[in-house]
Amino acid sequence: MSGLEEVGIPGKEYLREALTNCSDPQRAIEEFQVENGILLPSLRPMLPLLDLHGVRRLEFHLSVLEELKEKLLQQIDNLGKQEGREKEKKLKELLQKSFPVIKVPTLRPVVMCILKNLDRVEDKYLKQLVADKELYEACDIQVKRQIWRENQALFGDKVSPLLSQYIKEKEELLFNHSDPNTTFFQPSPKQRRQGEVIQKLLNMIGHHVQLYDMVLQFLRTLFLRSKNVHYCTLRAELLMSLHDLEIQEITSVDPCHKFTWCLDACIREKNVDIKRSRELQGFLDTVKRGQEQVIGDLAMTLCDPYAVNFLATSAMKILHHLVNNETLPRDNQVLLLLLRMLALSLQAWGMISTQQFKEPKLDVQVATKFLPAVMSLMVDDQVRSLNSKLPPDDRETAITTIEHSGPPPDAYQAYLQENGVASIIAMYYTLHTARQKDRQGLMRVLGTLANCESDRAFEDPFLHSLVAVLIPLADEFAAEDFCTVVFDEFFLTGMARENVVRHMIELLNHIHHKLPASRLDGLTKALQPMAQQNPVIQSKFQSLEEKVLIHQPSCSQHQDTIDSPLLNVPTPATA
């Protein structure tokens, strides 16, 4: 009960001294009880009655203490809801008188309640709270925010596990195809913002700009160290969550707020119209001199996989519209803006790494040469689709298929190897052919993605989407030419990457029963060395092997009953 003496209440030291120096300990104890018990004359006659009923004095005093404590806590909370300087003055006086007993467990809630209701806690109290881990952990979030503002390391200790949890959750989603109807990109922005980590971070930040800035600095640093794009997602989701809560103290000072808000609205509506495009372009064009660092934060916002997915998907929609209307991509201003934002997203890490915040110029030939090549592939897809619906004519069908199924144009293959924006468009065109279940179109371009600039086609968000669109095409894997393109020309070229192996195992989990036996055997042998090096991959690989074994016995048993030559051999006679 340390601290009682400091507020004028006899504590254990007083009692020890009294018992040491007295001639009659029993009498000293009785005097202590009388002097320090509940000083109500009307109550004293009841104490002997409680003694007769076996109610210990400690139990009685604790019950009264709890009742009074609840009343006091309610009074303090009511005081805290008032406005004006008088409130702060009364609370500070209460804190000064009660803080010495903060280490008394039964009285600590009262002190913590006073601290919670103060608009600003003096540094001398905050230092004592930080010095004692037990007291620090017991502080309410309002008090901790004031501590964190002056102690970035403590704040980092609390934030770091949440950031790790967020990244883990995102990665688990990317490697999970248990429900083919639920993909990584399916949830809306508002649904994603309801996640546990986001809500906890919002609670920790409150209305404090300084804490928000600390979180952003953590995200920039971690993104720089790891190149993990999920930190970009968290940066955008956190800002838009603050926007949803109308915490203007923060949103009004974040220069990325209006841009992120506009982009978020486009993603939510799955459309970018002329008005929105002008707003987005206006934000990019009006970055002031001396504030070039804002370009880095805008690039991080655009580097978010959900933003990239939206930009690339929207570009594909516009390209289809241009094909149908026989117009050129270089004349479509919305499309050019989407390409510009994609180019900026690709520079996010480089800008933060070099601290050179300058928007990259989009290669004009992406619009004048590469996109027309993509559109020519789209025209070929439409011709083949239309031809397949016409009355059968073997000669005409063969000619049409040959003319519109050759290798992609040279410009297509050259630009996806050299230009990041071109490689993203090529990746999303490939996903489009798979969604259309265009076998010929998919086989035509999938293999070329192995040569994408900076190996972009082997990044998790794209591989997740690719596996998701290949699973419904399971029947096609019975054909060796399809397997050659999917595995030999694409997946196996990236086998040195652990993430590619994991995505490949996910794909095999769903289509292994359609694969020819020799192909399945070859793939499992190719996967085995990597599985032996990584415990996570090993677990996934073992699960795959179990699935394959469950499927194979029935096949082998069926073969034995039909083809086994032993069936023609007479059974030996018993002796």
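Residues numbered from 1 in each chain as written. Predicted model: local features only at pLDDT ≥ 70, side-chain atom pairs only at ≥ 80, totals over all residues. Heavy atoms only, no water.

This paragraph deals with the overall build of the chain. In terms of regular secondary structure, the chain is built from 31 helices and zero strands. When burial is assessed residue by residue, the chain has 44% of its 575 residues classed as buried. With an accessible surface of roughly 31000 Å², the chain has 52% of that area assigned to carbon and sulfur atoms. (Helix = DSSP H or I, 4+ residues; strand = E, 2+ residues; numbered from the N terminus. Buried < 20%, exposed > 50% of the residue type's maximum accessible area, 1.4 Å probe, protein only. Areas by Shrake-Rupley, 256 points an atom, 1.4 Å probe, with all protein chains shown as cover.)

Once that is clear, we can look at the confidence of the model for the chain. Averaged over every residue, the pLDDT of the chain is 88; the share at 70 or more is 88%. Within the chain, helix α23 (residues 394–403) has the poorest average pLDDT of any element, 58, and helix α25 (residues 420–435) the best, 98. Within the model, the stretch residues 553–567 combines pLDDT values under 50 with four contacts to residues more than four positions away or in other chains. (pLDDT = per-residue confidence, 0-100. Contact = heavy atoms within 4.5 Å.)

Grouped together as the largest cluster of nonpolar side chains are 159 residues, with contacts concentrated most on Leu-129, Phe-487, Phe-490 and Phe-491. If one sorts the elements of this core by residue count, helix α19 (residues 305–325) sits on top with eleven residues. Those residues in contact with Phe-490 that sit more than four places away from it in its chain are Leu-446, Leu-449, Ala-450, Ala-457, Phe-458, Phe-462, Leu-463, Leu-466 and Val-485. (Core = buried A, V, L, I, M, F, W, Y, C linked by side-chain atoms within 4.5 Å.)

A few words on the packing of aromatic side chains. All chains considered together, the criterion is met by 14 aromatic pairs. Ring centres of Phe-458 and Phe-490 lie 5.0 Å apart, and the angle between their planes is 25°; on these two criteria the pair is classed as stacked. On the criterion of sequence distance, the pair formed by Phe-458 in the loop between α26 (439–445) and α27 (460–470) and Phe-490 in helix α28 (residues 480–490) is long-range, its members being 32 residues apart. Phe-490 matches Phe-458 in its accessibility class, with the two residues each being buried. Measuring from centroid to centroid gives 6.3 Å for Phe-487 and Phe-491, while their planes differ by 40°, and the two rings are tilted. By the ring-pair criterion, three or more aromatic residues cluster together here, those being Phe-458, Phe-477, Phe-482, Phe-487, Phe-490 and Phe-491. Above the plane of the ring of Tyr-306 lies Arg-192, whose end atom (NZ or CZ) is 3.6 Å from the centre. When the ring centre of Trp-349 is taken as origin, the NZ or CZ atom of Lys-227, which lies over that ring, is 4.1 Å away. (Phe/Tyr/Trp six-rings, centres within 6.5 Å; stacked < 30°, edge-to-face > 60°. Lys NZ or Arg CZ within 6 Å of the ring centre and 35° of its normal.)

Positioned with a positive phi, Gln-355 is a non-glycine residue whose angle comes to about 60°. Of note, Gln-355 is situated in the loop between α21 (348–354) and α22 (364–389). Among the residues examined, Gln-355 registers a relative accessible area of 48% and is labelled partly exposed. The phi dihedral of Asp-455 is positive, around 55°, even though this residue is not glycine. In this fold, Asp-455 is placed in the loop between α26 and α27.

Here we take up the layout of surface pockets. Volume-wise, the second largest pocket comes out at about 1100 Å³. Together, 41 residues line the second largest pocket, and Val-229, Cys-303, Leu-346, Arg-456 and Glu-459 are the ones closest to its centre. Looking at which element gives the most residues to the lining of the second largest pocket, the answer is α25, with five residues. Residues that form the lining of the second largest pocket fall into these classes: 20 nonpolar, eleven polar and ten charged. (1 Å grid on protein atoms, 1.4 Å probe; cavity = no way out; pocket = protein on both sides within 12 Å on 5 of 7 lines; lining within 4 Å. Points joined across faces, edges and corners; volume = space filled by probe spheres on them. Nonpolar A, V, L, I, M, F, W, Y, C, P; charged D, E, K, R; others polar.)

This part takes up the side chain of Lys-69. Looking at the element boundaries, Lys-69 is found in helix α4 (residues 57–80). Here the side chain of Lys-69 touches Thr-106 through a polar contact of 3.3 Å, landing on its backbone oxygen. Contacts of Lys-69, omitting those with residues within four sequence positions, involve Thr-106, Pro-109 and Val-110. (Polar contact = N/O pair within 3.5 Å; in protein donor to acceptor, adjacent residues only side chain to side chain.)

Position of Asn-228 relative to the elements: it lies in the loop between α13 (209–226) and α14 (230–244). According to the relative accessible area criterion, Asn-228 is buried, its value standing at 15%. For the pair Asn-228 and Asp-304, spaced 76 residues apart in the sequence, the C-alpha separation amounts to 9.8 Å. With sequence-adjacent residues up to four places away left out, Asn-228 is seen in contact with Ile-167, Glu-171 and Phe-223.

Next up on the list: empty space enclosed by the protein. By the definition in use, this model includes two cavities of 30 Å³ or more. Quantified by volume, the largest cavity comes out at close to 110 Å³. Together, 14 residues line the largest cavity, and Arg-192, Ala-236, Asp-264, Ile-267 and Asp-304 are the ones closest to its centre. Elements that contribute at least two residues to the lining of the largest cavity include exactly α11 (189–192), α14, α16 (257–269) and α19. Among the elements that take part in the lining of the largest cavity, α16 stands out by supplying four residues, more than any other. The residue inventory of the lining of the largest cavity, partitioned by class, reads seven nonpolar, two polar and five charged.

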